[in-house]
Amino acid sequence: MQSIKRWLACLTSLLIIGSFAINISYAADITAEPPNALIIGDSISIGYTPKASVQRPVEPTWESMAANYRVPQWFVDGKFGVWMHWGISSAADENRPNDGSHYGRRMYGPNNSENSRQQNMNTVLTAWHTERYGHPSEFGYEDLVPLFKAEKWDPDALVKFFKDNGARFIMPVATHHDNFDMYDSSHPWNSVDMGPRRDTLKEWKAAAYRHGLKFGVSTHLYWSPRFFKSARKYQSPGTLEAKLFNMQFDPQNYSSQDSWNQHWYDRSWEIIEKYDPDMFNNDSPYPTIKDGKGLGVKLFSDFINRDLTQNSGEQTTVLSFKNAKQNKAAFTYNLERGSAAQIKPHPWMWATDLSGGWFYRKGARNRMSIPVMVGNAVDAISKNGVVMMNVALRGDGTLPDNQAAYLIAFGEFLRVNGEGIYGTRPWKIFGEGPLTMKDGRQGENHENFSQKDVRFTQKDGVLYAFVLAPPTEDILIDSLAVGGLLDREIASIGLMGSSEEIQWQRSTNGLAIQLPSELPGKIVNGFRLQLKQTDSELTQ
């Protein structure tokens, strides 16, 4: 039966290739499918580059992964997705003190391996939990599961809202560090057998596909044995609860424990086999070649090979994780809550959190303002990045208004400027301006942009210039001076979202654009620079 399915998959792929069509026009409709952009003009060899199909299996080595990993075009064209953190801790009392999104770890008291700030957070939460629910020995993390009901969760409405505000893909958390699976799992602690009693991955995927979005999954499982280190003193081996708290694994040395590494592989592969995701994000470490028999790179290469087998050698899936030391050609780097200082040679992902705490807590606040969020997103895209915004649902499955406001604002930006975002690629430089972005994970920008901060993208002979704050005077873009980086003439300049005739002048001092009478963008405004065709292009 499996061989028949593979044969049909191959036949379908051949038929699709045989009837390949090219988009020749694209409007800024953020609910439409992204274009298959062809890059012409002042481009650099960066980002998505079509390559030949892989003809043989990818070997379970980092060298083979780097040589064969291809980022699919849907990902680099789509630019924007929504990540969803949701689970048991979402249903804990919303007025709880700060738990750093690790309620299950911190409620059991201080951990001597943590710094004083972390230990103090644990102490405060343990005292609060004891007063609110009872001592952890009497009311443990497992006792929160019945409170997680998802009684108002409507995945179809949520996915529609995400799409209406520009998202091209979604990525729910399948398993967080707390070892609770949000799907129909072989592991007994899962959302089908307890809690909501719903297969949330299945429902998220169905909603995504109904609305034409790609579907990813995120697993954070590898941290799990150490996550509940402080809880172990209250557990009894051989019980159902012992499986939630990983009593069968060493909380200190699990990374070199064969049984744990195989367990991690099997649980991860089950997600891939059962839910066939378009994207697999491993948001934690993985078994290394040295200590884990290479089961990490084996899972990742198996994931890619499975996709290649089903799609006639063409990669259609995305693999992402956060290992800054690994060759970025071998996967898509998740630069979580960080930024890039320059254009990256490989597509990467800027993952940020809109809730202020990854998991829902009423008192959590996002320290990044909405205008800064929009500017940071454009900055990432100008540097070959893809944007992933996390939302934290309440335990009942609803989205808080303060988080929705960020998505609505970004959706408003995309409705006006989508043509300069979807399907674009970086230009020769990312832009210019006084605000300096750090390079690396964590420490994402919280500072306001100014009208001097400009970012570039390009597509189909058009250079897009985004001004990252509402201008109050004429705009001067130094890097577009005559004799500079832009070695082609500008035919015309338009302001996206406006029919106003834009007045401009280009000289050796830069490109000067007269302040428009009205600005369609409340936060960021994008200018469309149509470049004159070269003689060779005119004769094609």
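This text goes with the structure placed above it.
About the cut-offs
- Residue numbers restart at each chain and count upward from 1, following the sequence in its written direction.
- Note on the predicted model: pLDDT of at least 70 is required for a residue's local features to be given, and 80 or more for side-chain atom pairs to be given and counted; whole-chain, interface and lining totals, by contrast, use all residues.
- Think of the side-chain values as coming from all heavy atoms in the structure, minus any hydrogens and water.
- Numbering goes from the N terminus for both helices and strands, where a helix is a DSSP run of H or I of at least four residues and a strand is a run of E of at least two.
- For each residue, the accessible area found with a 1.4 Å probe, counting protein chains only, is set against the maximum for its type, and the residue is called buried under 20%, exposed over 50%, and partly exposed in between.
- Contacts are assigned to residue pairs that have any heavy atoms within 4.5 Å of one another.
- Each accessible area value is a Shrake-Rupley result obtained with a 1.4 Å probe; residue values ignore everything except the protein chains displayed when judging cover.
- Any two of the Phe, Tyr and Trp rings considered here, Trp counted by its six-membered ring, make a pair once their centres fall within 6.5 Å; the pair's planes then place it as stacked at under 30 degrees, edge-to-face at over 60, or tilted in between.
- To form a nonpolar core, buried Ala, Val, Leu, Ile, Met, Phe, Trp, Tyr and Cys residues must be joined to one another through side-chain atoms within 4.5 Å.
- Contacts described as polar in this section are N or O atom pairs within 3.5 Å, which, within protein, must combine one atom able to donate a hydrogen with one able to accept it, while residues neighboring in sequence count only if both atoms come from side chains.
- Criterion used throughout: strands pair if DSSP finds at least two bridges between them.
- Only the contacting stretch of a helix is used when fitting its axis, a line to C-alpha atoms as for every element, and angles between N-to-C directions run 0 to 180 degrees.
- Throughout this description, the term salt bridge denotes a Lys or Arg side-chain nitrogen within 4 Å of a carboxyl oxygen of Asp or Glu.
- In what follows, roughly perpendicular refers to angles from 65 to 115 degrees, roughly parallel to angles under 35, roughly antiparallel to angles over 145, and oblique to any angle outside these ranges.
- Residues were grouped as follows: Ala, Val, Leu, Ile, Met, Phe, Trp, Tyr, Cys and Pro as nonpolar; Asp, Glu, Lys and Arg as charged; and all remaining residues, including Gly, as polar.

A.B. asks: Please provide a residue-by-residue account of the overall build of the protein chain, values included.
C.D. replies: When helices and strands are tallied, the protein chain shows 14 helices and 16 strands. When each of the 540 residues of the protein chain is scored for burial, the buried share is 58%. Residue pairs in contact within the protein chain that sit at least 24 positions apart in sequence constitute 72% of those at least 6 positions apart. Accessible surface computed for the protein chain: about 22500 Å², of which carbon and sulfur atoms make up 50%.

A.B. asks: Talk me through the packing of aromatic side chains; I want residue IDs and the actual numbers.
C.D. replies: In this structure the tally under the stated criterion is 37 aromatic pairs. Where Trp-153 meets Trp-204, the ring centres are 5.3 Å apart and the plane angle is 65°; that geometry is what we call edge-to-face. Separated by 51 residues along the polypeptide, Trp-153 in the loop between helix H5 (116–132) and helix H6 (155–164) and Trp-204 in helix H7 (residues 200–210) bring together distant segments of the chain. With respect to burial, Trp-153 and Trp-204 carry one shared label: buried. Here Trp-264 and Phe-300 contribute two aromatic rings whose centre-to-centre distance is 6.4 Å and whose plane-to-plane angle is 90°, an arrangement assigned as edge-to-face. Separated by 36 residues along the polypeptide, Trp-264 in helix H10 (residues 258–275) and Phe-300 in helix H11 (residues 295–310) bring together distant segments of the chain. A single burial state applies to Trp-264 and to Phe-300, both of which are buried.

A.B. asks: How would you sum up the environment of Asp-278? Please name residues and give values.
C.D. replies: By the element assignment, Asp-278 lies in the loop between H10 and strand E4 (279–282). Here Asp-278 falls in the buried class, since its relative accessible area comes to 10%. When the C-alpha positions of Asp-278 and Leu-213 are compared, they lie 9.9 Å apart, and in sequence the two are 65 residues distant. With near-sequence residues (within four places) excluded, Asp-278 lies in contact with Trp-74, Tyr-209, Lys-214, Phe-215, Thr-316, Thr-317 and Val-318.

A.B. asks: An account of the environment of Met-182 is needed here, citing residue identities and associated values.
C.D. replies: Summarising the element assignment, Met-182 is placed in the loop between strand E2 (169–175) and H7. As a C-alpha pair, Met-182 and Pro-172 span 10 residues in sequence and 9.0 Å in three-dimensional space. Beyond its immediate sequence surroundings of up to four residues, Met-182 is in contact with Trp-86, Gly-87, Phe-148, Val-173, Ala-174, Ser-191, Asp-199, Thr-200 and Leu-201.

A.B. asks: Tell me what's going on with unusual backbone geometry, and back it up with residues and numbers.
C.D. replies: At Asn-179, a residue that is not glycine, the phi angle is positive and equals roughly 70°. Mapped onto the fold, Asn-179 is located in the loop between E2 and H7. Look at Asp-460: it is not a glycine, yet its phi comes out positive at around 50°. Position of Asp-460 among the secondary structure elements: in the loop between strand E10 (454–459) and strand E11 (462–467).

A.B. asks: Let's hear about the nonpolar core: which residues, and what values?
C.D. replies: In terms of nonpolar packing, the biggest core is built from 126 residues, with Phe-162, Trp-204, Phe-300 and Leu-319 touching the most fellow members. If we skip the residues at most four places from it in the chain, Trp-204 touches Met-84, Trp-86, Trp-153, Pro-155, Leu-158, Val-159, Phe-162, Ile-170, Pro-172, Phe-215 and Leu-393. Residues Phe-456, Leu-463, Ala-465 and Leu-511 belong to the second largest nonpolar core, which totals 19 residues.

A.B. asks: Could you give an account of the side chain of Glu-419, naming the residues involved and the relevant values?
C.D. replies: One can find Glu-419 in the loop between helix H13 (401–417) and strand E9 (431–432). Within the local environment of Glu-419, its side chain forms a polar contact with the side chain of Arg-528, the two groups lying 2.9 Å apart.

A.B. asks: Can you explain the sheet that holds strand E12 (residues 475–477)? Please cite residues and give values.
C.D. replies: One open sheet holds the 3 strands; their spatial order is E12-E15-E14, and the pairing between them is antiparallel. Where the open sheet ends on each side, the last strands, each with one partner, are E12 and strand E14 (504–507). Each strand of the sheet is rotated relative to its neighbour by a mean of 15°, with strand direction disregarded.

A.B. asks: So what's going on with the pattern of salt bridges? Residues and values would help.
C.D. replies: Applying the stated rule across the entire model yields 26 salt bridges. For Lys-522, the salt bridge is made with Glu-412, and the minimal N-O distance between the two is 3.9 Å. You can see Lys-522 sitting in the loop between strand E15 (510–513) and strand E16 (525–531) and its partner Glu-412 sitting in helix H13, a full 110 residues away along the chain. Through salt bridges with shared partners, a single network forms among Asp-283, Lys-322, Glu-336 and Arg-441.

A.B. asks: I'd like to hear about the packing of H6 against H13, residue by residue, with values.
C.D. replies: Contact geometry of H6 with H13 gives a least axis separation of 8 Å together with a crossing angle of 40°. With respect to each other, H6 and H13 are oriented oblique. Of the residues in H13, those in contact with Phe-161, Phe-162 and Asp-164 of H6 are Ala-404, Leu-407, Ile-408 and Arg-415. Partitioning the contact of H6 with H13 into residue classes produces 5 nonpolar, no polar and 2 charged.

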